[in-house]
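Per-entry structural report
Chain by chain, the residues run as shown.
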Amino acid sequence: MNTDIENLFKDKVIGHPAGLFVLFFTEMWERFSFYGMRILLIYFLTAPILSDNPGWEWPREHALSLIGTYASLLYLTPIVGGWIADKITGYRIAVVIGCLIMTLGHAAMALENTMSFYLGLALLVIGTGFFKPNITSIISEMYKGKESKKDGAYTIFYMGVNAGAFFGMLLCGYLGETYGWSYGFGLAGIFMLLGMLQFWLAGSLFGSIGAKPSKVHEVELSQNINEESPQEHATEINENEKLNPFTLFDKILIVLSSVGGLLYLFNDPLEKIRDINMLPFNVGGLSGSNVVVLTALALFLVLLVTRIARYMPIVRDKIIAVSIFGLFTVFFFAFFEQSLGSMALFAGDYTDRTLEGSAGTIFSIIDTLLTTIPLFIITWVLWLLAKKTFSRIGLSNIILAIAFLGLWILVIYRLYVKLSADVTEVEASWFAILNSFFIITMAPFFSKWWESKYNPSAAMKYGIGLILLGLGFAILSYGASDIPSGAKTASVSMIFLILAYVLHTMGELCISPVGLSYLSKLVPARMIGFMFGVWYLAIAVGQKAAGTMGGMIDKISEQYSLGTFFLIFTLIPIVVGLLSIFLNPLLKKLMHGVR
């Protein structure tokens, strides 16, 4: 295995192995497809049937209920997909399987009939399960013994994530809104297929890294553990003083809470959209769905508390700290994920997106620079990769070049159409690209802050992130304050939405990359798998909560106003953020010196 790692590090691009950039482009095309489809989902489901670009005209609550369940499942299937790759397929084959299933999912959605639409969503959920956990596992395996370079590798990799999201939402959004939804869904599938071929054809570059697990591999892993420094080994033994195997009671709780959670996830959209109720009972005024989900959460809390109680004091404290951060993560995602829900609806129905005269010209210049500069940089990276690897993986490079040629043609065509129009009409989906753009531009500053002596503690980062999130909604609440109750359309200045995205991205940079980093520092090695599962579960709960709360947009804006709807989204994150700051001394104590 070590010789494969050494071979991989021989061909370097920007100081990292060429293989990292194969993964970078694979992830970029997968995120292109995922976000390109995801931004269209809310517009397609809620667009009027009788319009130039007919959709399904669902009520917003129904659309967001389905989107919430879909987004939630995307964080649950990777728990299974990671296990299958570990035990059976190996990481690389799992990534190819995931890409192939997702390509079929996008193709099914492009057909735009009911049956193929639901089949498409199901395939995307399954494909993501195979793809998401395993592509990062390949990076982890590539950098074994070269830990000092790992942070830089992940930074480059996440730039791929954001570049893909940026161009996916820009181009699938443009085609979907301008020419028809199936063009947007179809484009996502085409680039997913090219991304898969590029990765599959570059397999020889990786040697046995990410290959099928074998007995030899397991022996090498145990040797690697034995070669750890004595200090690390001592810590591990210290933590192992009291092993905590899963009891029968634990396993029963896991099964019951999982079944309850899944029942709720499927029953909620079925009940709202199709009037099919799998849980037709009421308890004390609570519907069957709510009873089941609250019971599942209660059982999961019992599982967590009883397991934590059985650990040694220091390990117990650290896991309590991780669990509290997990709870804050649920709140963060429940509000942050409004960007593809209620904020997308605000962009589509309540924002003035028509620009004339000098305002239109300024926008066109910004839009041109925003789309071409990142594309030039990524094309340059592709050129560097091809120069290093063409003799070994030429066909993979050619597929990648074809994908980029397609990307350039679409970007230039879109800009040409925009520049030759008398009036500039900004697509509703355009606003969603701002998050990716601001991440790429602001991440280096936040990274410098975290490395300086002014680096705040984990609880302070969560607090700052949640407060910034609330302030973003405060701007939207102010912008929407003149919209009358029950109004379905309005023309608010787009500056409110842009400023909200700036603050939300700053909040995300305080929380999103930090959470997993603390998880890996605080949790004992033997428990990482279980706690990563819990972490994904926290995000899944947040995603479903985002759909459920965003779905209240019509009820609240009819009864009160749209300004009030966003005011609720302002106050809750700020209160939770202040709670995190208040708990800072306690959390520091529980973390036992981990920074």
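Before reading on, note that the structure itself is shown above.
These numbers were taken from a predicted model, which means no experiment stands behind them. Residue positions within a chain follow its written sequence, with the count starting from 1. Where totals are concerned, whole chains, interfaces and linings use all residues; where local detail is concerned, this predicted model gives features only for residues with pLDDT of at least 70, and gives and counts side-chain atom pairs only at 80 or more. Water and hydrogen atoms play no part in the side-chain values, which are based on all heavy atoms of the structure.

Moving on to the overall build of the protein chain. The helix count covers DSSP runs of H or I at least four residues long, the strand count covers runs of E at least two residues long, and both are numbered beginning at the N terminus. Looking only at helices and strands, the protein chain has 22 helices and 6 strands in total. Along the first, second and third principal axes, the C-alpha set of the protein chain runs to 70 × 70 × 50 Å. Type-normalised accessible area, obtained with a 1.4 Å probe on protein chains alone, sets the label of each residue: buried when under 20%, exposed when over 50%, and partly exposed for intermediate values. Burial statistics for the protein chain: of 595 residues in total, 55% are counted as buried. Here the protein chain displays about 25600 Å² of accessible surface, and carbon together with sulfur accounts for 69% of that area. His residues and chain termini do not enter the charge count, which takes Lys and Arg as positive and Asp and Glu as negative. The atoms used to mark charge sites are NZ of Lys, CZ of Arg, CG of Asp and CD of Glu. In the protein chain, 39 positive and 40 negative side-chain charges are present, and the distance between their average locations comes to 9 Å. Using the Shrake-Rupley algorithm and a 1.4 Å probe, accessible areas are obtained, with residue cover drawn only from the displayed protein chains.

Time to look at the pattern of salt bridges. In a structure, side chains of opposite charge can pair up when their charged atoms sit close to one another. By salt bridge we mean one thing: a side-chain nitrogen of Lys or Arg within 4 Å of a carboxyl oxygen of Asp or Glu. Within this structure, the stated rule accounts for 17 salt bridges. With a closest N to O distance of 2.9 Å, Arg 60 and Asp 554 form a salt bridge. Of the two residues, Arg 60 sits in helix H3 (residues 60-73) while Asp 554 sits in helix H20 (residues 553-559), which places them 494 residues apart along the sequence. Like Asp 554, Arg 60 is buried. Lys 555 serves as the salt-bridge partner of Glu 61, at 3.7 Å between the closest nitrogen and oxygen. Of this pair, Glu 61 sits in helix H3 while Lys 555 sits in helix H20, placing them 494 residues apart in sequence. The class of Glu 61 is partly exposed, set by a relative accessible area of 25%. Given the relative accessible area of 52%, Lys 555 is considered exposed.

This part covers the environment of Cys 99. Within the element layout of this structure, Cys 99 appears in helix H5 (residues 91-110). When the C-alpha positions of Cys 99 and Glu 30 are compared, they lie 7.5 Å apart, and in sequence the two are 69 residues distant. Residues count as neighbours in contact if any of their non-hydrogen atoms are within 4.5 Å of one another. Setting aside chain neighbours within four positions, we find Cys 99 in contact with Phe 131, Met 192 and Met 196.

This part is about the packing of helix H2 (residues 18-46) against H5. Running from N to C, H2 and H5 cross one another at 30°; their axes reach a closest spacing of 12 Å. Put simply, H2 runs roughly parallel to H5. Our pair here, H2 against H5, has a crossing hand that is left-handed. Of the residues in H5, those in contact with Thr 26, Glu 30, Ser 33, Phe 34, Met 37 and Leu 41 of H2 are Val 95, Met 102, His 106 and Met 109. Split by residue class, the contact of H2 with H5 holds 6 nonpolar, 3 polar and 1 charged. The axes are straight lines fitted to the C-alpha atoms, using for helices just the contacting stretch, and the angles between their N-to-C directions are given from 0 to 180°. Roughly parallel refers to an angle under 35 degrees, roughly antiparallel to one over 145, roughly perpendicular to one between 65 and 115, and oblique to any angle outside these ranges. Throughout, a crossing is termed right-handed when the near helix is turned clockwise from the far one, and left-handed when it is turned anticlockwise from it by less than a right angle. Charged residues are taken to be Asp, Glu, Lys and Arg, nonpolar residues to be Ala, Val, Leu, Ile, Met, Phe, Trp, Tyr, Cys and Pro, and polar residues to be all remaining types, Gly included.

Before going further, it helps to examine the layout of surface pockets. A pocket here means an open set of points on a 1 Å grid, computed over the protein atoms alone, that has protein on both sides within 12 Å along at least five of seven lines. A cavity is instead a set of points where a 1.4 Å probe fits but cannot get out; residues with an atom within 4 Å of a point line either one. Grid points are joined across faces, edges and corners, and a volume is the space filled by probe spheres set on the points. There is about 580 Å³ of room inside the second largest pocket. In this structure, the second largest pocket is lined by 21 residues; those nearest its centre are Thr 46, Ala 47, Pro 48, Gly 348 and Asp 349. Listed by contribution, the elements that provide at least two residues to the lining of the second largest pocket are H2 and helix H14 (342-349). Residue contributions to the lining of the second largest pocket peak at 3 residues, all from H14. Considering only residue class, the lining of the second largest pocket consists of 8 nonpolar, 6 polar and 7 charged.

Assignment of secondary structure puts Ser 33 in helix H2. Setting aside chain neighbours within four positions, we find Ser 33 in contact with His 106, Ala 188, Phe 191 and Met 192.

Our focus in this paragraph is empty space enclosed by the protein. Over the atoms a probe the size of a water molecule is rolled, and this reveals where empty space is left. Summed over the entire model, instances satisfying the criterion amount to 2 cavities of 30 Å³ or more. Its boundaries defined by the atoms lining it, the largest cavity holds a volume of some 80 Å³. Arg 38, Ile 67, Glu 337, Ala 546 and Gly 547 are the residues nearest the centre of the largest cavity, which is lined by 13 residues in total. Secondary structure elements with two or more residues in the lining of the largest cavity: H3 and helix H19 (528-550). Here the lining of the largest cavity is built from residues that sort into 5 nonpolar, 6 polar and 2 charged.

Attention shifts here to a nonpolar patch on the surface. Any residue with relative accessible area above 30% and no salt bridge may belong to a patch, with like charges joined within 9 Å and the nonpolar Val, Leu, Ile, Met, Phe, Trp and Tyr side chains within 5 Å. Residues Ile 14, Ile 365, Leu 369, Ile 373, Ile 377, Trp 380 and Trp 383 make up a contiguous nonpolar surface patch of roughly 760 Å² in combined accessible area. The residue Leu 369 is located in helix H15 (residues 357-420) in this model.

Okay, the nonpolar core next. Residues Phe 25, Leu 45, Phe 206, Phe 346 and Phe 404 are the most contacted members of the largest nonpolar core, which totals 186 residues. Take this core: its biggest share by element is 19 residues, from H2. Take the buried residues of types Ala, Val, Leu, Ile, Met, Phe, Trp, Tyr and Cys, join any two whose side-chain atoms come within 4.5 Å, and each joined set is a nonpolar core.

What follows is about the packing of aromatic side chains. We call Phe, Tyr and Trp rings a pair once their centres come within 6.5 Å, taking the six-membered ring for Trp, and we label the pair stacked below 30 degrees between planes, edge-to-face above 60, and tilted otherwise. One pass over the full model with this rule turns up 42 aromatic pairs. When the ring of Tyr 154 is compared with that of Tyr 158, the centres are 6.3 Å apart and the planes differ by 25°; the resulting orientation is stacked. With Tyr 154 and Tyr 158 both in helix H7 (residues 150-179) and 4 residues apart, the pair spans about one turn of that helix. Accessibility expressed as a relative area gives 42% for Tyr 158, which makes it partly exposed. Plain terms: the ring middles of Phe 199 and Phe 206 are 6.1 Å apart, the flat faces sit at 50° to each other, and that makes the pair tilted. Directly above the ring of Tyr 518 sits Lys 521, whose terminal nitrogen or CZ lies 5.2 Å from the centroid. Put simply, a charge is over a ring when the Lys NZ or the Arg CZ is close to the ring centre, within 6 Å, and near the line of the ring normal, within 35 degrees.

Read these as spatial facts, not as claims about activity.
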